[in-house]
There are 2 protein chains.
Amino acid sequence: MKTLVLVSHPQLADSTSQQFLKASLPSEGVTWEHLEDQDEFDVAQEQQQLRQADRIVLQFPLYWYAAPAGLKQWEDTVLTRTFVYGDHRYPLADKELGIVVTTGMPEQAFQRGGAEGLTLDAALAPIAALAHRAKMVWLPTFPIYQFGYLEEPEKLQLVTDYQRYLTQKQPDSLANRQDWFAQRLTGMVDRLPAEQQVTGKLIASVFDQNREHLDQLTDTLAMIKEQEDD
Amino acid sequence: MKTLVLVSHPQLADSTSQQFLKASLPSEGVTWEHLEDQDEFDVAQEQQQLRQADRIVLQFPLYWYAAPAGLKQWEDTVLTRTFVYGDHRYPLADKELGIVVTTGMPEQAFQRGGAEGLTLDAALAPIAALAHRAKMVWLPTFPIYQFGYLEEPEKLQLVTDYQRYLTQKQPDSLANRQDWFAQRLTGMVDRLPAEQQVTGKLIASVFDQNREHLDQLTDTLAMIKEQEDD
């Protein structure tokens, strides 16, 4: 799967959250682009890049309940009507669209009666409508609230969650998570030095056994639930 | 009342709707500014202009369910957090915020199940949230659907409706409309050549009589309604 990450931030170098996310990128399968780096968009090239991606992730801080002007400029310039839905051709159809959004306010602010007074979903409705127009698949949003206040364990968790958001098969089910972790583990074992290969393979085999065991338990649980259903 | 109209359009000269609206501006009480004309915003001056206005109208075509990048750039640059709500000062509080938005799609597209799939209110929710944050008064939006298809009588109506949106007291009640038209009429009569002054004053006096008559009828109707209420 090819993932395209389009980052919009007017001062990327000064953003600790964006620098952290950049350092957390998976080693392969991801193309990363900073929109404000480009004085003028090469429309044909940008469109070609979109055509080649399976998952497109827009990543930005929330400024006044929307993406920064840079992303809107990209939308207004690159996403021409002809490209998105002209002549009943939909080159972006069935591609996944995800949003990684950082906010200065905490999660509870984004609800009716909260300090911001609207949900992130409501703030992102214009982008969701665009995805709808392009017949894209809208992924659940990946919000990062108040990055500056995260503790170290939360940041470590964020690295994995972020990598999964970019590269794991959707939906974010137990089975898809397991597959994702199993793939990573195999890749890691292969890169271990020779003297640690045995230990690595042992860990991988235990993971596999646990996984089978978990699958069986999940099946049993599903059967019990079915029998309990009204 | 002082009204500030901030227009965002990347190619203003080519926009027949924006040129029409510009030609329809009331002769006084309105400051008009084209945001994309400015290479860089003079933040202090822009903020000062906002402080002096009673009604602020943002005017733009809807691009991908939002304002063009130029308006977002203005928001991101001019509306600093400190200015809008820093130190618990709210310099924009109680000012009215109106939106004049032109769309390429017809009115019926902007609903659940319509071609666009979301309402204008939902598309403008981020700006409404900003108004809320600034403690401004949100005016009902002034949409212009498919300007290019308007007939001449509709365009004439648009001129008046637009002028009223910019300068008439809100809410858009019968009483406020009457006041607005009465003021305009007086102004027009004063500018007539001497030989037409008598006719002009006659018209104005008939208008006033009708208005009094209408007020009486409205009062009577209100009394009847009150008696009918459960």
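Residues numbered from 1 in each chain as written. Chains lettered and ligands numbered in written order. Predicted model: local features only at pLDDT ≥ 70, side-chain atom pairs only at ≥ 80, totals over all residues.

> Help me understand the overall build of chain A, please; the structure alone is not making it clear to me.
The secondary structure content of chain A amounts to nine helices and six strands. Taking the principal axes of its C-alpha atoms as reference, chain A extends roughly 55 × 50 × 45 Å. (Helix = DSSP H or I, 4+ residues; strand = E, 2+ residues; numbered from the N terminus.)

> Mind showing me how you'd approach the domain arrangement of chain A here?
Size of an interface, as often reported, equals the accessible area lost when the parts are brought together. All names here are of chain A. Examined at the domain level, chain A breaks down into domain 1 (3-172) and domain 2 (173-230). On a C-alpha basis, the centroid separation for the pair domain 1 and domain 2 is 30 Å. Facing five residues of domain 1, the contacting portion of domain 2 comprises five residues. Its residues assigned to classes, the side of domain 1 that touches domain 2 shows one nonpolar, one polar and three charged. (Domains from an automatic or database assignment. Contact = placed C-beta atoms within 7 Å. Nonpolar A, V, L, I, M, F, W, Y, C, P; charged D, E, K, R; others polar.)

> What is the right way to read the packing of helix α3 (residues 69-78) of chain A against helix α3 (residues 69-78) of chain B from this model?
Helix-helix packing is characterised by the crossing angle of the two axes and by the distance between the axes. Where α3 of chain A contacts α3 of chain B, the axes come no closer than 8 Å and their chain directions differ by 175 degrees. Here α3 of chain A lies roughly antiparallel to α3 of chain B, going by the angle between them. From α3 of chain A, Ala 69, Lys 72, Gln 73 and Asp 76 of chain A reach across to α3 of chain B, where they touch Ala 69, Lys 72, Gln 73 and Asp 76 of chain B. The residue inventory of the contact of α3 of chain A with α3 of chain B, partitioned by class, reads two nonpolar, two polar and four charged. (Axes fitted to C-alpha atoms, helices over the stretch in contact; angles between N-to-C directions. Parallel < 35°, antiparallel > 145°, perpendicular 65-115°, else oblique.)

> So what exactly am I meant to see when it comes to the pairing of strand β2 (residues 30-34) of chain A here?
A regular strand places its side chains on the two faces of the sheet in alternate fashion. Residues and elements named next belong to chain A. Across five bridges, strand β1 (residues 3-7) lies against β2 in parallel orientation. Bridge pairing links Leu 6 to Glu 33 in β2. For the handedness criterion, the β-α-β arrangement of β1, helix α1 (residues 16-23) and β2 is classed as right-handed. (Pairing = 2+ DSSP bridges. Right-handed = clockwise from strand over helix to strand, strands pointing away.)

> Help me understand the relation of the copies chain B and chain A, please; the structure alone is not making it clear to me.
Both copies of the chain are related by a screw-like operation: a rotation about an axis and a shift along it. Aligned on chain A, chain B shows an RMSD of 0.1 Å; the corresponding rotation is 180 degrees and the shift along the axis is 0.0 Å. Those values place the two copies in the arrangement expected of a two-fold rotation axis. Measuring from the rotation axis to each C-alpha of chain B, the shortest distance belongs to Ala 69 of chain B, at 2.6 Å. Here 100% of the interface residues in chain B have copies in chain A that are interface residues too; the copies meet face to matching face. (Least-squares fit on C-alpha atoms with pLDDT ≥ 70 in both.)

> Teacher, can you tell me more about the interface of chain B and chain A here?
The interface of chain B with chain A comprises 21 residues on the first partner and 21 residues on the second. Grouping the constituent residues of the side of chain B that touches chain A by class yields 14 nonpolar, three polar and four charged.

> What am I meant to see in the environment of Gly 86 of chain A here?
For Gly 86 of chain A, the position within the fold is in the loop between α4 (81-85) and β4 (96-103). Given 11 C-beta atoms within 10 Å, Gly 86 of chain A falls into the exposed group. (Buried ≥ 20, exposed ≤ 12 C-beta atoms within 10 Å, placed from the backbone.)

> Would you mind going over the environment of Leu 118 of chain B with me for this structure?
If you trace the backbone, Leu 118 of chain B turns up in the loop between β4 (96-103) and α5 (120-123). Sequence separation between Leu 118 of chain B and Tyr 65 of chain B is 53 residues, and the spatial gap between their C-alpha atoms is 8.7 Å. For Leu 118 of chain B, the contacting residues outside a window of four places in its chain are Ala 125 and Ala 129 of chain A together with Tyr 65, Phe 110 and Ala 123 of chain B.

> Could you clarify how one ought to interpret the environment of Glu 96 of chain A in this entry?
Residues and elements named next belong to chain A. Tracing the sequence through the fold places Glu 96 in strand β4. The exposure class assigned to Glu 96 is partly exposed, which follows from the 18 C-beta atoms found within 10 Å. Note: C-alpha distance between Glu 96 and Ala 53 (43 residues apart in sequence) is 9.0 Å. When near neighbours in sequence (up to four residues on either side) are disregarded, Glu 96 contacts Asp 54, Arg 55, Met 136, Val 137, Leu 139 and Gln 170.

> Quick question: what am I supposed to make of unusual backbone geometry here?
Glycine aside, residues mostly have negative phi, and peptide bonds are mostly found in the trans state. All names here are of chain A. Backbone torsion omega between Gln 170 and Pro 171 reads 0 degrees, so that peptide bond is classified as cis. Tracing the backbone through its elements, the reader meets Pro 171 in the loop between α7 (152-167) and α8 (174-190). The backbone of His 88 shows a phi angle near 55 degrees, a positive value even though the residue is not glycine. With respect to the helices and strands, the residue His 88 is situated in the loop between α4 and β4. The backbone phi angle of Gln 146 is positive, close to 45 degrees, even though this residue is not glycine. Topologically, Gln 146 is positioned in the loop between β6 (142-145) and α7.

> What is the right way to look at the packing of α8 of chain A against helix α9 (residues 197-228) of chain A in this model?
All names here are of chain A. The N-to-C vectors of α8 and α9 enclose an angle of 170 degrees; their axes lie 10 Å apart at closest approach. Our classification of the angle between α8 and α9 gives roughly antiparallel. Two secondary-structure elements touch here, α8 through Leu 174, Gln 178, Ala 182, Leu 185, Thr 186 and Val 189 and α9 through Gln 197, Gly 200, Lys 201, Ala 204, Phe 207, Arg 211 and Thr 218. Each residue belonging to the contact of α8 with α9 can be placed in one class, and the counts come to six nonpolar, five polar and two charged.

> Which parts of the structure should I look at to understand α3 of chain B?
Along an α-helix, residues three or four apart share an orientation, since each turn contains 3.6 residues. Taking burial as the measure, the ten residues of α3 of chain B include nine buried ones, the bulk of the element. Among all positions of α3 of chain B, only Ala 69, Gly 70, Leu 71, Lys 72, Gln 73, Trp 74, Glu 75, Asp 76 and Val 78 of chain B are buried.

> Can you walk me through the confidence of the model for chain A in this structure?
Caution is warranted with low-pLDDT regions, since their predicted coordinates should not be read in detail. Mean pLDDT over chain A stands at 94; residues scoring 70 or higher make up 99%. Interface confidence for the predicted complex, expressed as ipTM, amounts to 0.89; the pTM equals 0.90. (pLDDT = per-residue confidence, 0-100.)

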